[in-house]
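Here are the chains, one letter per residue:
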Amino acid sequence: MSYDNFASNEEMYTKLKAGGSGYDITFPSADYVSIMIKEGMLEKLDKTKIPNIAQLDPYFVSRIAFDKGNLYSVPYVMGAAGIIVNKDKVKNYPKNYHIYENAALKGRMTMLDEMREVMGAALKTLGYSVNSTNEAELLKAKDLVLKWKANIQKYDSESFAKGFASGEFWVVQGYGENVYKEADENMKKNIDFIIADTGGTMYMDNLVILKDAKNKELAYKFINFIHEPSVYARICDDFRFPSINIAARGLIKEQPYYSFESLKKCELQEDLGDKIDLWNTIWQQIRLEN
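Worth saying up front: this structure is predicted, and the values here are computed from it rather than measured. Starting from 1, residues in each chain are numbered consecutively following that chain's sequence as written. The model is predicted, so local features are restricted to residues of pLDDT at least 70 and side-chain atom pairs to those at 80 or more, both for listing and for counting; the totals for chains, interfaces and linings are taken over all residues. Only heavy atoms go into the side-chain values, all of them from the structure, while hydrogens and water stay out.

Asks: Summarise the overall build of the chain; cite the residues concerned and give the values.
Replies: Counting secondary structure elements, the chain contains 12 helices and nine strands. To get the radius of gyration, use the C-alpha atoms; to get the globule rule, take the number of residues to the power 0.38 and multiply by 2.2 Å. Taken over C-alpha atoms, the radius of gyration comes to 19 Å for the chain, in line with the 19 Å a tight globule of 290 residues would show. Taken along the three principal axes of its C-alpha coordinates, the chain extends 55 × 45 × 35 Å. Looking at the chain as a whole, 51% of its 290 residues qualify as buried. With an accessible surface of roughly 14000 Å², the chain has 48% of that area assigned to carbon and sulfur atoms. Each charge class in the chain can be summarised by its mean position, and for the 37 positive and 41 negative side chains these summaries are 3 Å apart. Here a helix means four or more residues in a row that DSSP labels H or I, a strand means two or more in a row labelled E, and each is numbered from the N terminus. The buried label applies to any residue whose accessible area, calculated with a 1.4 Å probe on protein chains only, is under 20% of its type's maximum; exposed applies above 50%, and partly exposed to all values in between. Working definition of accessibility: Shrake-Rupley area with a 1.4 Å probe, residue cover restricted to the visible protein chains. Just so you know, the count uses Lys and Arg for positive and Asp and Glu for negative, and it drops His and the chain ends. The atom standing in for a charge is NZ when the residue is Lys, CZ when it is Arg, CG when it is Asp and CD when it is Glu.

As structure tokens, this is what we get:
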């Protein structure tokens, strides 16, 4: 059996496109599902072989634009990066990304080293879509990100949780599961995990069967197993995501780090097509700005 973890969707996609074989299932995020569909990399699903797909919350399924009708993918988990604040060190702060405009916190804050997360946060703060391809909107988002950059210590997707847990940083953009894993019990009491009240990006990781999978029947059984309510509840207890599986909600023992209600102003990241070049150009300008 081949089982690999990838640092990013890009790494997974590049390996598969380069001829990586031996995989039956992979877990791409929303934007990469649509890319892989366009590239003919995915098996069209026979949903009669996945009866537990009926357990999925129809409200969130209805928000899926990257694979309408879930013809090629089954949602696995949905969540969002948030703003994590040390309440012992920071007082009277906004519940959104305006916190990064507080010069008194300069050097004590980090943001993710992820273009879509940072630019998406700025776009949503300005009232735009996280998937905007409007150059004027993107340039306004750039200006806002540069205001934030003046106060952050660094862009960091690797060690933000350790830095927060050690007390080096008081405000970080990141994922709750990472920070809570690193924090001791005393630190956990001082954590405020915020999904911005202005909205932001959210992600959906998905289960897909690759077109050249050699064990398709087993792949169907595995996907159905994942959404068995008792199994899915254990996954949620481990990662503390809110459950997209309705039947599993009554079996969950651990309180999720955030609720689905808090995600209602958030948007799933979608494939930007050739406009990704404009995003990349602006992001590089941000990174190079002193």
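Asks: Now, about the packing of aromatic side chains: what can you tell me, with residues and values included?
Replies: Each Phe, Tyr or Trp ring, with Trp reduced to its six-membered ring, pairs with another whose centre is within 6.5 Å; inter-plane angles below 30 degrees give stacked pairs, above 60 give edge-to-face pairs, and intermediate values give tilted ones. Applying the stated criterion across every chain, the model contains 13 aromatic pairs. Members of the aromatic cluster, each reached through a chain of ring pairs, are Tyr59, Phe60 and Phe260. Its end group placed over the ring of Trp279, Arg116 keeps NZ or CZ at 5.1 Å from the ring centre. Only when the NZ atom of a Lys or the CZ atom of an Arg is both within 6 Å of the ring centre and within 35 degrees of the ring normal do we say a charge sits over the ring. Lying over the aromatic face of Tyr59, Lys264 brings its terminal NZ or CZ to 5.2 Å of the ring centre.

Asks: Residue-level account of empty space enclosed by the protein, with values.
Replies: Site definitions follow a grid-based scheme: protein atoms alone, a 1 Å grid, a 1.4 Å probe that fits but cannot get out for cavities, and for pockets an open set with protein on both sides within 12 Å along at least five of seven lines, plus lining residues having an atom within 4 Å of a point. Grid points are joined across faces, edges and corners, and a volume is the space filled by probe spheres set on the points. Summed over the entire model, instances satisfying the criterion amount to one cavity of 30 Å³ or more. One number sums up the size of the largest cavity: a volume of about 50 Å³. In terms of lining, the largest cavity is formed by Ala81, Gly82, Tyr97, Glu117, Ala121, Ile194, Ile195, Ala196, Gly199, Gly200, Thr201 and Cys266. In the lining of the largest cavity, the residues fall into seven nonpolar, four polar and one charged. Amino acid classes used here: Ala, Val, Leu, Ile, Met, Phe, Trp, Tyr, Cys and Pro are nonpolar; Asp, Glu, Lys and Arg are charged; the rest, including Gly, are polar.

Asks: Got a sec to walk through helix α10 (residues 229-239)? Specific residues and values, please.
Replies: It helps to recall that an α-helix has 3.6 residues per turn; residues three or four apart then point in one direction. What α10 keeps buried is the set Pro229, Val231, Tyr232, Ala233, Ile235, Cys236 and Asp237. Of the surrounding elements, those touching the buried residues of α10 are β2 (74-79), α9 (216-226) and α11 (246-249). Looking one or two places after α10, you find Arg240, whose phi comes out positive at around 65°. Between two residues, a contact is recorded if the distance between any of their heavy atoms is within 4.5 Å.

Asks: Outline the side chain of Glu43, supporting the account with residue identities and numerical values.
Replies: If you trace the backbone, Glu43 turns up in the loop between α2 (30-38) and α3 (58-61). What Glu43 contacts, discounting residues up to four positions off in sequence, is Leu71, Tyr72, Ile209, Leu210, Lys211, Lys216 and Tyr220.

Asks: An account of the environment of Glu289 is requested, with residue identities and associated values reported.
Replies: Note that Glu289 resides in the segment after α12 (276-288). In this structure the C-alpha to C-alpha distance between Glu289 and Lys149, which are 140 residues apart in sequence, comes to 9.1 Å. Excluding its chain neighbours within four sequence positions, the residues that come into contact with Glu289 are Leu146 and Lys149.

Asks: Outline unusual backbone geometry, listing residues and values.
Replies: In the Ramachandran plot, Asn92 falls in the positive-phi region, its phi being about 50° despite a non-glycine side chain. You can call Asn92 exposed: its relative accessible area is 81%. Look at Arg240: it is not a glycine, yet its phi comes out positive at around 65°. With respect to the helices, strands and loops of the structure, Arg240 is situated in the loop between α10 and α11. With relative accessibility at 22%, the residue Arg240 sits in the partly exposed group.

Asks: Please give an account of α9 that cites residues and values.
Replies: Those residues of α9 not exposed but buried are Ala219, Tyr220, Ile223, Asn224 and Ile226. Projected down its long axis, α9 carries its buried residues within an arc of 160°, all on one side. Across α9 from its buried face, at more than 90 degrees, point the exposed residues Leu218 and Lys221. If you follow the buried residues of α9, they end up packed against β1 (25-26), β2, β8 (201-209) and α10. Note that the arc is defined by the directions from the helix axis to the C-beta atoms.

Asks: Requested: an account of the sheet that holds strand β7 (residues 191-194), with residues and values cited.
Replies: With respect to topology, five strands assemble into an open sheet ordered β5-β4-β6-β3-β7, the strand pairing being mixed. At either end of the open sheet lies a strand with only one pairing partner, and these are β5 (154-155) and β7. Here, strands pair whenever DSSP counts at least two bridges between them. Bridge analysis of strand β3 (residues 82-86) against β7 gives four bridges, and the strand direction is antiparallel. Within β7, the position partnered with Asn86 by the bridge is Ile191.

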